[in-house]
Amino acid sequence: MNPATRYERTVLVFGGPYSNLEATRALLDQARRLEIAPDHVICTGDVVAYGADPVATVELIRRSGVRVVRGNCEQSLAAGISDCGCGFSPGSACDRLSAAWFAHADRHLDEDARAWMAGLPSRLDIEIGGRRLAVVHGGTETVNRFIFASTASREKQRELALAGTDGLIGGHCGIPFTQIVGGRLWHNAGAIGLPAHDGTTRSWYSLLTPEGDGIRIEHRALEYDHASAARAMRDAGLPEGYAAALETGIWPSCDVLPAREIAQAGRPLVPGQAFWPHSAELAPSRRREPAVDHLWPAFPKAEAERHKFRDPDFTADGHPRGRVGLRQLETLWFNTGTLCNLTCRNCYIESSPRNDRLVYLTRAEVAGYLDEIERNRLGTSEIGFTGGEPFLNPEMIGMLDDVLSRGFRALVLTNAMRPMMRHGKALLALRERHGGRLAMRVSLDHFSARRHEEERGPRTYRPTLDGLVWLARNGFELSVAGRTMWGEDLDEERDGYARLFEEHGIQVDAHDGARLILFPEMDPDAEVPEITTGCWSILGKNPEDMMCASSRMVVKRKGAERPSVVACTLLPYEPAFELGTTLEEASGSVALNHRHCAKFCVLGGASCSAGDRATKPAVGKNGVAATPDPAEALV
Ligand code: SF4
């Protein structure tokens, strides 16, 4: 293990000067004002990047005597490599823009600067407040690894295990955060040379101070002469997108950002503190899913938001709450159980190989509800199956057989991976007997493996694509569910799917909203208005178009004696939306007393109809029912 430098006093950490001379001057001035000695100031690398003044910034940093970890830009420049090594996807906007700014830096830096870069350490170890921390640029072993607040905890745990320390200070991703991962610290001070994509011109640094019973971590904003820095970039002929970013606080591209960070774009960060106590128990580094305590940044809900969605009859400001009556039970959904072979990052129902909050429904239980439909002549035409992964349920094929044999249409939401493929023969037999009444909807979150696996985990793309190809080749009635969480242009996203489908001979029209359904993300922090009885006419909406006007979902809670019926697929766990144990009991009206009712159904235009009541319900494995483009209608 590397020798560690011991600190008894405050350490200032900053990242990414990015050739921004004005920001670098401001940071060093700030360190002087705070009376923090240069050897207590640590830079997490990328001294050189987007900005106008690579030479002057390097000289200033060298003269200052602060400690610097080598970033990927220093690594590339020192080695004479012709690109920045940031890890941008080939052909992406970041990749194209980097060619210009990297060439600018490469042209101006001399051999002496490159030799200094070559001599920088790839890692510094420090000891502060009795804890040992590794300071790196990206990941412990991979200099250009992007690790964000939303990066899975098990990946951070892996990096921490590789570092062999109590905590890790990283840079590279450009957005500051502090988390405790299995008791260990993960801290990113952000970058000073570019704003944090938060819609402000400020950039970020931090102070780590040992205190009696732990370490205090302060995230501080840096104000500097961003107008001069932007002007210098334009004068140097550098890409306008990054010059504008200094003035708007918004990056020119979201290519490298995960969905969570994209969703938070433009929300101003608020300076704040976190505390890492000595009492934090360091979890064994082999734990599969370590607990994460996200300490900063926080986006507090406005006071008014806290009082919403409490009373089923009245909104927070006293208006009668909107309700939706059951027009007809057109579709009955069965949640076959929350167990899944995957643990997706943003699964609304938190399915995983261990989550059995909703247990497996049995064939007999499903048959009981089918009997009720027939007995009471409810006119239901379609039965939907969702999970978890429905094909993990040991009685799935029998349930499907019952549904189809009784003349219903069946729609199964699946990831089309091994659990489905194990039933290949049985599915072929069902398709043979019942033809197009058996439809499959495959969750392929994005047409690219990178984005799909960002959500669903490594090695999940290919098996799903293989399953999709198998279904297509064997003539199954097919649709695909994707997501719109990356802020991409929807037409471009459909074009991407179209290319993929064509390449693999998948007969799905990616430009047909009922065949490729792109679902918006649920943002639990978004501010939404409540729906009153007056909203229908004001918004020109019809309560009969809401999913709960034409469907219900059957779930079985762990420990419950029998299944129960909930209002819709979106709210499986909410006790207020549990309507009874029989379809008859569940046939009353539903009070729209949840944020999802407002955001996804009324304002987002979500319905089970996907714009056409004769088509299949537009419900994805993320549980969201949506028109082809509800995100555009969100307020
Ligand atoms: S979330 Fe939508 S479908 Fe579910 S109860 Fe609310 S309005 Fe109805």
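Just so you know, these numbers come straight off a predicted model, no measurement behind them. (Residues numbered from 1 in each chain as written. Predicted model: local features only at pLDDT ≥ 70, side-chain atom pairs only at ≥ 80, totals over all residues. Heavy atoms only, no water.)

1. Re the overall build of the protein chain
Formally: Only DSSP runs of H or I covering at least 4 residues are called helices, and only runs of E covering at least 2 are called strands; the numbering of each starts at the N terminus. Radius of gyration: C-alpha atoms only; globule rule: 2.2 Å multiplied by the number of residues to the exponent 0.38. Burial classes follow relative accessibility: with a 1.4 Å probe on protein chains only, a residue under 20% of its type's maximum area counts as buried, one over 50% as exposed, and anything between as partly exposed. Here, two residues are considered to be in contact whenever any of their heavy atoms come within 4.5 Å of each other. Here the Shrake-Rupley method, with its probe set to 1.4 Å, supplies the accessible areas, and only the displayed protein chains count as covering residues.
Within the protein chain, the secondary structure is distributed over 19 helices and 24 strands. Taken over the C-alpha trace, the protein chain has a radius of gyration of 27 Å; the compact-globule value for 635 residues is 26 Å, and the two agree within 12%. Once the C-alpha set of the protein chain is aligned to its principal axes, its extents read approximately 85 × 55 × 50 Å. A buried classification covers 58% of the 635 residues belonging to the protein chain. For the protein chain, restricting intrachain contacts to residue pairs at least 6 apart in sequence, the fraction spanning at least 24 positions comes to 73%. About 24800 Å² of surface is accessible on the protein chain, with carbon and sulfur atoms providing 48% of the total.

2. A look at the nonpolar core
Note the cut-off: Note on terminology: a nonpolar core comprises buried Ala, Val, Leu, Ile, Met, Phe, Trp, Tyr and Cys residues joined through side-chain atoms within 4.5 Å.
Among the nonpolar cores identified, the biggest contains 71 residues, and Leu12, Phe14, Tyr50, Phe88 and Trp101 are the most heavily contacted of them. When residues of this core are assigned to their parent elements, the largest contribution, 6 residues, is made by helix α1 (residues 21-33). Counting residues in each nonpolar core, the second largest holds 52 residues, with Ile397, Val469, Leu516 and Ala586 among its members.

3. A few points about the packing of helix α2 (residues 54-64) against helix α5 (residues 111-118)
Two quantities define a packed helix pair, namely the angle between the axes and the distance from one axis to the other. Test applied: Here an angle of 0 to 180 degrees is reported between the N-to-C directions of two axes, which are lines fitted to C-alpha atoms, with helices fitted over the stretch in contact. Any angle between 65 and 115 degrees counts as roughly perpendicular, while under 35 counts as roughly parallel, over 145 as roughly antiparallel, and the rest as oblique. We call a crossing left-handed when the near helix sits turned anticlockwise from the far one by less than a right angle, and right-handed when that turn is clockwise.
The N-to-C vectors of α2 and α5 enclose an angle of 55°; their axes lie 11 Å apart at closest approach. Taken together, the axes of α2 and α5 are oblique relative to one another. Between α2 and α5 the crossing geometry is left-handed. Residues Val58, Ile61 and Arg62 of α2 form the contact with α5, whose own contacting residues are Asp112, Ala113, Trp116 and Met117.

4. Remarks on the sheet that holds strand β4 (residues 67-68)
So the rule is basically this: Two strands qualify as a pair provided that DSSP identifies no fewer than 2 bridges between them.
A sheet is described by the order of its strands in space; here 6 strands give the open sequence β4-β3-β2-β10-β11-β12, paired in mixed fashion. Lying at the two open borders of the sheet, with one neighbouring strand each, are β4 and β12 (272-277). Two strands pair when backbone bridges link them, and strand β2 (residues 11-14) and strand β3 (residues 41-43) are joined in this way by 3 bridges, in the parallel orientation. Note that in β3 the partner of Val13 across the bridge is Ile42.

5. Quick notes on the domain arrangement of the protein chain
Our working definition: Throughout, the edges of the domains are those of an automatic or database domain assignment. By definition, the buried area sums, over both parts, the 1.4 Å-probe accessible area that each loses when the two are put together.
According to the domain assignment, the protein chain contains domain 1 (5-296) and domain 2 (327-527 + 548-591). Domain 1 and domain 2 are separated by 41 Å when their C-alpha centres are compared. Every contact between the two is made by 14 residues of domain 1 and, on the other side, 11 residues of domain 2. Carbon and sulfur atoms supply 36% of the area that domain 1 and domain 2 bury against each other, a total of about 1000 Å² over both sides. Three residues, Ala259, Ile262 and Arg267, lead the burial of domain 1 against domain 2; their summed loss comes to 33% of the area buried on that side.

6. Focus: the environment of Ile397
In this fold, Ile397 is placed in helix α12 (residues 396-405). Relative accessible area serves as the criterion here: at 17%, Ile397 is assigned to the buried category. Residues Ile397 and Leu430 lie 33 residues apart in sequence; the distance between their C-alpha atoms is 8.7 Å.

7. Digging into α2
For clarity, the cut-off: By definition, the arc is the one covered by directions from the helix axis to the C-beta atoms.
Residues of α2 that are buried: Pro54, Thr57, Val58, Leu60, Ile61 and Ser64. The buried side chains of α2 occupy one side of the element, clustering within an arc of 165° when seen end-on. In this structure, the buried residues of α2 make contact with β2, α1, β4, α4 (93-108) and α5. Trailing α2 by a residue or two, Gly65 shows a phi angle of about 80°, which is positive.

8. So, the confidence of the model for the protein chain
Under the convention used in this document: A residue's pLDDT is the predictor's confidence in that residue, given on a scale from 0 to 100.
Across the protein chain, the average pLDDT comes to 90, with 93% of residues at or above 70. Predicted confidence for residues 606-635 stays below pLDDT 50, and this span has 107 contacts to residues more than four positions away or in other chains.

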